[in-house]
Amino acid sequence: MPDSYQIVYHGGTGEITEKKSRFIATVIPIATEEEALSFIEQMKKQYWDASHNCSAYTLGSRHETARCSDDGEPHGTAGRPMLEVLLAEDIHNVCVVVTRYFGGTLLGTGGLVRAYQAAVKAGLSASTVVTRRYGIPVTVVTDYNSIGKLQYITAQMELFTQDIVYTDIVTATVLTTEETRQAFEKKITEATSGKAVITEQDAVWFCETGGELIFLSV
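Residues numbered from 1 in each chain as written. Predicted model: local features only at pLDDT ≥ 70, side-chain atom pairs only at ≥ 80, totals over all residues. Heavy atoms only, no water.

> Kindly report on the pairing of strand β5 (residues 65-69), identifying the contributing residues and their values.
Of the strand pairs in this sheet, strand β4 (residues 52-59) and β5 are connected by five bridges, and their pairing is antiparallel. The residue bridging tyrosine 57 from the neighbouring strand is arginine 67, located in β5. Taking the residues between adjacent antiparallel strands as the criterion, β4 and β5 are bridged by five residues, where glycine 60 takes a positive phi near 100°. (Pairing = 2+ DSSP bridges. Helix = DSSP H or I, 4+ residues; strand = E, 2+ residues; numbered from the N terminus.)

What follows is the structure, given as structure tokens:
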């Protein structure tokens, strides 16, 4: 499994107009195929008067499950182009439904492909896309003389400090990754002359958005 990959944290809705046809893209994060199918049916009920409700979704850290539907549009002009955008952007665990209200002018095969892809991109632009990362929390127990060194190393390596507690000693929990964990522990050990007590905790999945650290379910 990859140590990091892109997901949709908050879904969104984007819309484009092409030759008077409206294309409304609704994007949501999903965890299961059942969620995707339920959402697609929900959109079909919500936009029951639309000409088409085309869909695409992908699940898994390596896109193990990927499905799409043209929903009555000419074969290969909607669902597959929509899915190709998700795969090209390398966004995982996501479902998008593009609702079309026909404007009276035929777009042709190429026009449909471009319109559906543009709609998906508009939907993704209206969503919050984050990088889901595999993290290893490391707890460092040290004295007050070493707190400045700890803060410097954490900032230098651009790591998140989850928690810090001041008592007669300092206990800080820093979120590292598989790539940074060993280097961080080595720097702390050297900076404190081996006095710091370093303990690794159970791994977590996390993302960062707007400067905020968010913990995700596995």
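From this point on, the discussion continues.
> Account for the sheet that holds β4, naming residues and giving values.
Note: strands within a sheet are paired through backbone hydrogen bonds, in either parallel or antiparallel orientation. Taken together, the five strands give an open sheet; going across it, the order is β2-β3-β7-β4-β5, and neighbouring strands pair in antiparallel fashion. Sheet topology places β2 (12-18) and β5 at the edges, where each strand pairs with a single neighbour. Adjacent strand axes in the sheet meet at a mean angle of 15° when their direction is disregarded. In the packing of helix α1 (residues 33-46) onto the sheet, contacts are made with β3 (21-29), β4, β5 and β7 (94-101), and the angle to β4 comes to roughly 165°. Sheet strands touched by helix α3 (residues 108-125): β2, β3, β4 and β7. Its angle to β2, the strand with the most contacts, is close to 150°. (Axes fitted to C-alpha atoms, helices over the stretch in contact; angles between N-to-C directions. Contact = heavy atoms within 4.5 Å.)

> Could you give me a rundown of the state of the cysteines, with the residues and numbers involved?
A full pass over the atoms with the stated rule returns zero disulfides. The structure places no disulfide on cysteine 95, whose sulfur is separated from the nearest cysteine sulfur, that of cysteine 68, by 11 Å. Lacking any disulfide linkage, cysteine 207 is separated from the closest cysteine sulfur, that of cysteine 95, by 20 Å. (Disulfide = S-S within 2.5 Å.)

> I'd like to hear about the nonpolar core, residue by residue, with values.
In this structure, Val96 and Val98 are the most contacted members of the largest nonpolar core, which totals 23 residues. Mapped by element, the contributors of at least two residues to this core are β3, β4, α2 (79-88), β7 and α3. For this core, the leading source of residues is α3, giving six residues. With residues up to four places along the chain from it excluded, the contact list for valine 96 reads Ala25, Thr26, Val27, Cys54, Ser55, Ala56, Met82, Leu86 and Val120. (Core = buried A, V, L, I, M, F, W, Y, C linked by side-chain atoms within 4.5 Å. Buried < 20%, exposed > 50% of the residue type's maximum accessible area, 1.4 Å probe, protein only.)

> With reference to specific residues and values, describe the side chain of threonine 173.
Here threonine 173 lies in strand β10 (residues 170-177). The buried category is assigned to threonine 173, whose relative accessible area is 11%. Within the structure, the side chain of threonine 173 is placed 3.4 Å from the side chain of threonine 139, a separation counted as a polar contact. Contact partners of threonine 173, with chain neighbours within four places excluded, come to Pro137, Val138, Thr139, Phe160, Thr161, Gln162, Asp163 and Gln201. (Polar contact = N/O pair within 3.5 Å; in protein donor to acceptor, adjacent residues only side chain to side chain.)

> Any chance you could break down the packing of α2 against α3 for me, citing the residues and the numbers?
Direction vectors running N to C along α2 and α3 enclose 40°, while the axes themselves pass 8 Å from each other. The angle between α2 and α3 falls in the class oblique. Of the two possible hands of crossing, α2 and α3 adopt the one that is right-handed. Along the contact surface, α2 presents Pro81, Met82, Glu84, Val85 and Leu86, while α3 presents Val113, Tyr116, Gln117, Val120, Lys121 and Leu124. (Parallel < 35°, antiparallel > 145°, perpendicular 65-115°, else oblique. Left-handed = near helix turned anticlockwise from the far one by under 90°.)

> Describe helix α5 (residues 181-191), and please don't skip the residues or the numbers.
Within an α-helix, residues lying three or four positions from one another point in the same direction, as the helix has 3.6 residues per turn. Listing the buried residues of α5 in full gives Arg181, Phe184, Glu185 and Ile188. The buried residues of α5 all sit within an arc of 95° when viewed along its axis, so they share a single face. Exposed residues on α5 whose side chains face more than 90 degrees from its buried face are Gln182, Lys186 and Glu190. Directly after α5, the chain includes serine 193, whose backbone phi takes a positive value near 55°. (Arc of directions from axis to C-beta.)

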